[in-house]
Amino acid sequence: MSAPAGSPHPAASARIPPKFGGAAASGAAAPAGPAPAPHQQNDSLSCPVMQNVQPPKSSPVVSTILSGSSSTRTPSTANHPVEPVTSVTQPSELLQQKGMQYGEYVNNQASSAPTPLSSTSDDEEEEEEDEEAGVDSSSTTSSASPMPNSYDALEGGSYPDMLSSSASSPAPDPAPEPDPASAPAPASAAAPVIPQPSKMAKPFGYGYPTLQPGYQNTTAPLTSGVQPSNPVYSGFQQYPQQYPGVNQLSSSLGGLSLQSSPQPESLRPVNLTQERNILPMTPVWAPVPNLNADLKKLNCSPDSFRCTLTNIPQTQALLNKAKLPLGLLLHPFRDLTQLPVITSNTIVRCRSCRTYINPFVSFIDQRRWKCNLCYRVNDVPEEFMYNPLTRSYGEPHKRPEVQNSTVEFIASSDYMLRPPQPAVYLFVLDVSHNAVEAGYLTILCQSLLENLDKLPGDSRTRIGFMTFDSTIHFYNLQEGLSQPQMLIVSDIDDVFLPTPDSLLVNLYESKELIKDLLNALPNMFTNTRETHSALGPALQAAFKLMSPTGGRVSVFQTQLPSLGAGLLQSREDPNQRSSTKVVQHLGPATDFYKKLALDCSGQQTAVDLFLLSSQYSDLASLACMSKYSAGCIYYYPSFHYTHNPSQAEKLQKDLKRYLTRKIGFEAVMRIRCTKGLSMHTFHGNFFVRSTDLLSLANINPDAGFAVQLSIEESLTDTSLVCFQTALLYTSSKGERRIRVHTLCLPVVSSLADVYAGVDVQAAICLLANMAVDRSISSSLSDARDALVNAVVDSLSAYGSTVSNLQHSALMAPSSLKLFPLYVLALLKQKAFRTGTSTRLDDRVYAMCQIKSQPLVHLMRMIHPNLYRIDRLTDEGAIHVNDRVVPQPPLQKLSAEKLTREGAFLMDCGSVFYIWVGKGCDNNFIEDVLGYPNFASIPQKMTHLPELDTLSSERARSFITWLRDSRPLSPILHIVKDESPAKAEFFQHLIEDRTEAAFSYYEFLLHVQQQICK
C-alpha cells in the first residue's frame, strides 16, 4: 500500500533535507485501513421529507426551480428559454432514485438492459487481479467503488516480495469472467468479501518458482516440468535454424559491455568550465540502449517509455555509487499513427507474474516460452500457434505480439467486472458575476456547439450541464421537452438531485435541446449580481449525478469558492511573491477536494479543472480534485475574453483538443519489472490502488507519469532487464482494451558503463517530479538544495572514478554535460525560483504541470529552445505534408546570442516569444510582420499575418510545425526590443545572471566549490 501524497513511504528512512531520499508517494495513495465513510452524499438519504411540487402536467416545457428553503431567485433575463417557477422542496421519493446510494453500482444499461459484454481494457483487468489476489483493497475507498473489489483479479499480480512476505505458488490460467451480477455491497458498510465458486478463486502466484539464483549461467538440460534456468531474451530470432538450444543464444543476445569496445562518445570527459558552448545545435535525442541490433529494432519507442539509465546497474550499491536517479518516464496513452491492434480469444500471459507475451520472451521450442520477467516456462496455447498475419501455423515467434513492443489487445469479457460504461460528460460551470464578466461562457458554448458531434463516444454517449453561483442549477434536457428546463437547488448544505433520471441525457436523442441550452447559456446570467461561488456543493452534486456510471466532469471556475463545503480564504501575501525565504501554502488548505476526488475515483469519475482567474484562487487546494481523480488541470491567469484576447484564443484552441481527443474510461495501469527491481514512488495524476497498480478513472493522450525504481536484489545473473506497462481501459466506443508497452535494457557491472547510459533529460524530469514532492512535504528551499546536490553528488562521484583529471577543472562525462545546465534551468523555473516575483497560483500550476506532463513537453518548459528566424533558409529543411519546414540551429539561452540586427523565436512549450531587435532588417519586418519598420510594430502583437512572401512562408511554416508537435496551442507574443514586455522573455535566458540567481558559469563555479569542500 502506498503512503498518502507527501508522506514518506513506509519503507523510507528519515530523509536528510538537502538530498532526494526516501519515497514520497505522489499520486493519491491508498489511505491506511478502510476508506473514510462517504460523507455529505449519504446524508441526503436521511433528510427530512419535504413536499414536492411538480410542474403542471399540461406544460412539460415549463422550467422548475427547486430549493431546500424558500427561495425565489430567478435567472436575470426574462426571455431565455428557461422559465422560472416557484421553488419547491426536496422530495423523499427522489432520494430513493437509482444511483443515489453512494457505492451501489446502478446503471440502467448495466442492470436492466441485456447489454452485451464488450471487451474491456487492461486497466480494469489489472485492478481486478491485484485486489482478488489479496492485496489490501479496503484502501481504495472500497465502500465507494461501483465494482466488486477484484479488478486486480483481471490484470494479475506482481511479486510477493512487493506485496507480502509469503510467496505463493505459480498461478493457474486467468480466472473466468467475474459475474457482473454480483453487485457490490452498499456503501454504508465495507463490502464483505463474497466467496467465489472454486473455479473463480484462482491462487495468483505472485511468487517465483523455486529456482537457484544462477538463472542465466546454469546449463541444466531442459525437460518438461523443470524450470529452465537460462533466460534467453529472444523468441523472435530463435528460428533461423530449427529451435537452437538456449545456450547457443545466450552469447548473442546478452547486453554488450562497453568496456570491451573503444570508449563511446557518451564517456568522453568534458571540462564544463572551459567548454562554453555545450548546447548542441540540434535537439537532444534519447540515447539508444546498448543492445544488439535485433533487440534495438524491437525495443519500445522512447516517446512512450524511457528510463533515466539506459544501462541498469547490477546492484543498488553500484547505483548508489553513481549518485544518479533511477526511474521510468511514461507516456502510455499517447496518440500513435501505427498501433498493432490484436483481436484474439487468447491473450497470452505468464502464469506466474502475469506479464503479457512480448518480443523479449524466449521460445524454448515451438510449444513453450519463457517469461522475460520471472523466467517461468509457460505453454504456448494452441490458438497462438496460428499467425493471422501470415496465415501460417507453427510459428508463434512471428505473431504480432512477439514482433512489436507496443501493442493493443481487444480484451474479452474475462477482463470485465461490468459491461463497459458509456462515455458520460458533465459540465459544471461557474456563472457568478466574476465568471460572467470574464466571458468564458461564450467561448465554451461555441466550442461545444462546434464539436458536439466530435465528442468521443457511441450511440450511448450521455451529457449533462450544471451551473452554480450561490445556488446550484440543473438542466432537464429529457427528450420530448420543447425547451430546456432549469431546476434550482438553493439548499447547498444538503444537496440533492431534483430529477436524477433526466439530468444526464443521451447526446443524440436530446441534441436539439442541448443546442438550445448552449445557445442560451452565455446570455442567461448577463445581469447577475451573485458574487458568491458554491463550488464544493456543486461538486458534491456532480459526484452524485455521475456515480451510477462514472465518466468525466469538466469544472470551470473563476474565483475562490466562498460558500458551503470546501470554501476557501485567500492565503497569498502579494508582498511575499519575490521572497527568497520560505514560500508558504504550496499544499492544500483543506482535504475536502482530495476526499471528494478519492470518492470520484472510486466511482470511475475523473474531474478536470479549468481555472480562469483574474486573482488568487488557491489552486493548491482546488488542484486536488483533479490530482487524485486522474483528471487534468488547465490554468488561464488574468483571463478575460476582450482584455486578454490571447488567453481567450488559447482557451478556444485548448477546448477543441480537449473535447475531441481520445479518452479512456475506468482504467487501471500496472508496471511490471524484472525480478530484483522494485518500484517505490509514482508521480502523476491518479490514485494508488495497491503497491504497483494505478487507478485512472480517465486516461487521455496528453498525460505523463513517472516512477522511481530501486534494485532490491543483485542482477548479476542476468544480462538484460525488462519493464512492462499495461493499461487496461474502456474506449469511448465501449470496447475493453489493453495497451502494453515493453522496454528492454542491458545490465552493466561497471560505473563507467552506468555513466555511459545516462538519459539526462529523463533524469532531469524525474528529479523535477521529486523536487515538487519535496517542496510540498518539506520546503521549497529544501527542494532547491536537493537539486543542486544532485549535480554536486553525481559529478563528484564521476570525478572520483576517473584518473588523470585536473583537480582544478569541473569534469563530466559527455552523457552528463547538460545536467548542470538543466538543473540551473529548473532552479529558474516558475515552480522553484526564488527572488523573482511569482504569483502563488502560477507557481503551483507549474508544479502541477511538472507532475503530469510527458517528458517531451516538460523539457520545453524546463529548458526552452531559442532559434534565430530572420535568416531562415531551406538548407537542411525537412518536408512535412508538401510543406518545406526550415530547421534553424538551436541557440544557447543567453543575451550574448541575441543581436539587435536579428529576430529570435523562443519556444517555451505553452508560449512562443518572437523578440525583434531594434536594428532588425526592415525587409524581414515588412515581409514577415507586415509593418514597414521597427517603430510601427504594435506593442501587443500576437499573430503573424499570412503574407505572400518567401520569408513569411518560411517563418509561418516553422512555427506551425512547432505548434503541431504539442497537444495544446501555445500563445504567441511578439516582443519589441526595449518594450516593457521583454522582461518575461529575458527571464527565460537561463544562462544569464539575474539579481536573484547565478549565471550558468557562476553556477558551475558554485558546484565546483561544493565538490572541493
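I will try to describe carefully the structure that is included in this document. (Residues numbered from 1 in each chain as written. Predicted model: local features only at pLDDT ≥ 70, side-chain atom pairs only at ≥ 80, totals over all residues. Heavy atoms only, no water.)

Examining the overall build of the protein chain
Turning to step 1, where the next piece is worked out: Helix and strand content of the protein chain: 27 helices and 36 strands.
Turning to step 2, where the next piece is worked out: Looking at the protein chain as a whole, 61% of its 1013 residues qualify as buried.
Turning to step 3, where the next piece is worked out: Considering only residue pairs separated by 6 or more positions, the protein chain has 77% of its internal contacts joining residues 24 or more positions apart.
Turning to step 4, where the next piece is worked out: Taken as a whole, the protein chain presents about 36900 Å² of accessible surface, with 50% of it coming from carbon and sulfur. (Helix = DSSP H or I, 4+ residues; strand = E, 2+ residues; numbered from the N terminus. Buried < 20%, exposed > 50% of the residue type's maximum accessible area, 1.4 Å probe, protein only. Contact = heavy atoms within 4.5 Å. Areas by Shrake-Rupley, 256 points an atom, 1.4 Å probe, with all protein chains shown as cover.)

Some thoughts on the pairing of strand 19 (residues 551–557)
Turning to step 1, where the next piece is worked out: Judged by how many residues are buried, strand 19 sits mostly within the fold: seven of seven residues are covered.
Turning to step 2, where the next piece is worked out: Where strand 14 (residues 424–430) and strand 19 come together, five bridges link them in parallel fashion. Note that in strand 19 the partner of Val428 across the bridge is Val555.
Turning to step 3, where the next piece is worked out: Across seven bridges, strand 19 lies against strand 20 (residues 605–611) in parallel orientation. Considered in strand 20, the bridge of Gly551 is made with Thr605. (Pairing = 2+ DSSP bridges.)

Some details on helix 22 (residues 840–852)
Turning to step 1, where the next piece is worked out: Spanning 13 residues, helix 22 covers 19 Å between terminal C-alpha atoms, matching the ideal 18 Å at 1.5 Å per step.
Turning to step 2, where the next piece is worked out: Burial of helix 22 is extensive: 12 of the 13 residues sit out of reach of the surface.
Turning to step 3, where the next piece is worked out: Those residues of helix 22 that fall on the buried side of the exposure criterion are Leu840, Asp841, Asp842, Arg843, Val844, Tyr845, Ala846, Met847, Cys848, Gln849, Ile850 and Lys851. (Expected span 1.5 Å × (residues − 1).)

Re the sheet that holds strand 34 (residues 903–907)
Turning to step 1, where the next piece is worked out: The mixed open sheet is built from five strands, whose spatial order is 33-30-34-35-36. The sheet terminates laterally at strand 33 (890–891) and strand 36 (971–976), the two strands that pair on one side only.
Turning to step 2, where the next piece is worked out: Judged from the two bridges that link them, strand 30 (residues 865–868) and strand 33 form a sheet pairing that is antiparallel. Counted as the bridge partner of Tyr867 is Leu890 from strand 33.

Details of the pattern of salt bridges
Turning to step 1, where the next piece is worked out: Enumeration according to the criterion identifies 35 salt bridges in this entry.
Turning to step 2, where the next piece is worked out: Here Glu408 makes a salt bridge to Arg739, at a shortest N to O gap of 2.7 Å. Taken together, the residues Glu408 in strand 13 (residues 406–410) and Arg739 in strand 28 (residues 736–748) connect sequence positions 331 residues apart.
Turning to step 3, where the next piece is worked out: On the basis of relative accessible area, Arg739 is assigned to the buried category, the value being 2%.
Turning to step 4, where the next piece is worked out: Linking Arg900 and Glu978 is a salt bridge whose minimum nitrogen-to-oxygen distance equals 3.6 Å. Of this pair, Arg900 sits in the loop between strand 33 and strand 34 while Glu978 sits in the loop between strand 36 and helix 26 (982–987), placing them 78 residues apart in sequence.
Turning to step 5, where the next piece is worked out: For Arg900, a relative accessible area of 43% corresponds to the partly exposed category.
Turning to step 6, where the next piece is worked out: Judged by relative accessible area, which is 44%, Glu978 ranks as partly exposed. (Salt bridge = Lys/Arg side-chain N within 4 Å of Asp/Glu carboxyl O.)

Notes on the pairing of strand 28
Turning to step 1, where the next piece is worked out: When you tally the buried positions in strand 28, you get 13 out of 13 residues, the bulk of the element.
Turning to step 2, where the next piece is worked out: Two strands pair when backbone bridges link them, and strand 5 (residues 312–313) and strand 28 are joined in this way by two bridges, in the parallel orientation. Within the sheet, the bridge partner assigned to Pro313 lies in strand 28 and is Val748.
Turning to step 3, where the next piece is worked out: Both strand 13 and strand 28 contribute to a ladder of five bridges, which runs antiparallel.

A look at the packing of aromatic side chains
The description of an aromatic ring pair uses the distance of the two centres, along with the angle that the planes make with each other.
Turning to step 1, where the next piece is worked out: A complete count under the given rule lists 22 aromatic pairs for this structure.
Turning to step 2, where the next piece is worked out: Pairing Tyr636 with Phe639 gives two aromatic rings, centres 6.4 Å apart and planes at 75 degrees, and the pair type is edge-to-face.
Turning to step 3, where the next piece is worked out: Geometrically, the ring pair formed by Phe686 and Phe705 is tilted, given 6.1 Å between the ring centres and 40 degrees between the ring planes. With Phe686 in the loop between strand 23 (677–683) and strand 24 (687–690) and Phe705 in strand 26 (residues 705–711), the pair connects residues that are 19 residues apart, well separated along the chain.
Turning to step 4, where the next piece is worked out: Of the residues examined, Phe705 reaches a relative accessible area of 6% and is grouped as buried.
Turning to step 5, where the next piece is worked out: Through a chain of ring-to-ring contacts, the aromatic side chains of Tyr440, Phe556, Phe610, Tyr634 and Tyr658 assemble into a single cluster.
Turning to step 6, where the next piece is worked out: Across the ring face of Tyr658, the terminal group of Arg552 is positioned such that the distance to the ring centre comes to 4.2 Å.
Turning to step 7, where the next piece is worked out: Stacked on the ring of Tyr628, the Lys or Arg Lys594 has its end atom at 4.8 Å from the ring centre. (Phe/Tyr/Trp six-rings, centres within 6.5 Å; stacked < 30°, edge-to-face > 60°. Lys NZ or Arg CZ within 6 Å of the ring centre and 35° of its normal.)

Describing the nonpolar core
Turning to step 1, where the next piece is worked out: In this structure, Met466, Phe723 and Phe832 are the most contacted members of the largest nonpolar core, which totals 169 residues.
Turning to step 2, where the next piece is worked out: In terms of residue count, helix 20 (residues 780–801) provides more of this core than any other element does, 11 residues in total.
Turning to step 3, where the next piece is worked out: Setting aside chain neighbours within four positions, we find Met466 in contact with Leu426, Phe427, Val428, Leu429, Ile472, His473, Phe474, Tyr475, Ala538, Ala541, Ala542 and Leu545. (Core = buried A, V, L, I, M, F, W, Y, C linked by side-chain atoms within 4.5 Å.)

Side note on the side chain of Ser447
Turning to step 1, where the next piece is worked out: Along the chain, the position of Ser447 falls in helix 11 (residues 440–451).
Turning to step 2, where the next piece is worked out: With residues up to four places along the chain from it excluded, the contact list for Ser447 reads Gln652, Leu655 and Leu659.

Some details on the layout of surface pockets
It is the rolling of a water-molecule-sized probe over the atoms that shows where space remains empty.
Turning to step 1, where the next piece is worked out: Roughly 1500 Å³ of internal volume is contained in the second largest pocket.
Turning to step 2, where the next piece is worked out: Around the second largest pocket, the lining is made up of 49 residues, and of these Trp285, Asp303, Val856, Arg860 and Ser965 lie nearest the centre.
Turning to step 3, where the next piece is worked out: Contributing elements (two or more residues each) for the lining of the second largest pocket: strand 6 (327–330), helix 23 (855–862), strand 30, strand 33 and helix 25 (950–964).
Turning to step 4, where the next piece is worked out: Per element, the largest residue contribution to the lining of the second largest pocket is five residues, and it comes from helix 23.
Turning to step 5, where the next piece is worked out: A class-by-class count of the residues in the lining of the second largest pocket yields 28 nonpolar, 11 polar and 10 charged. (1 Å grid on protein atoms, 1.4 Å probe; cavity = no way out; pocket = protein on both sides within 12 Å on 5 of 7 lines; lining within 4 Å. Points joined across faces, edges and corners; volume = space filled by probe spheres on them. Nonpolar A, V, L, I, M, F, W, Y, C, P; charged D, E, K, R; others polar.)

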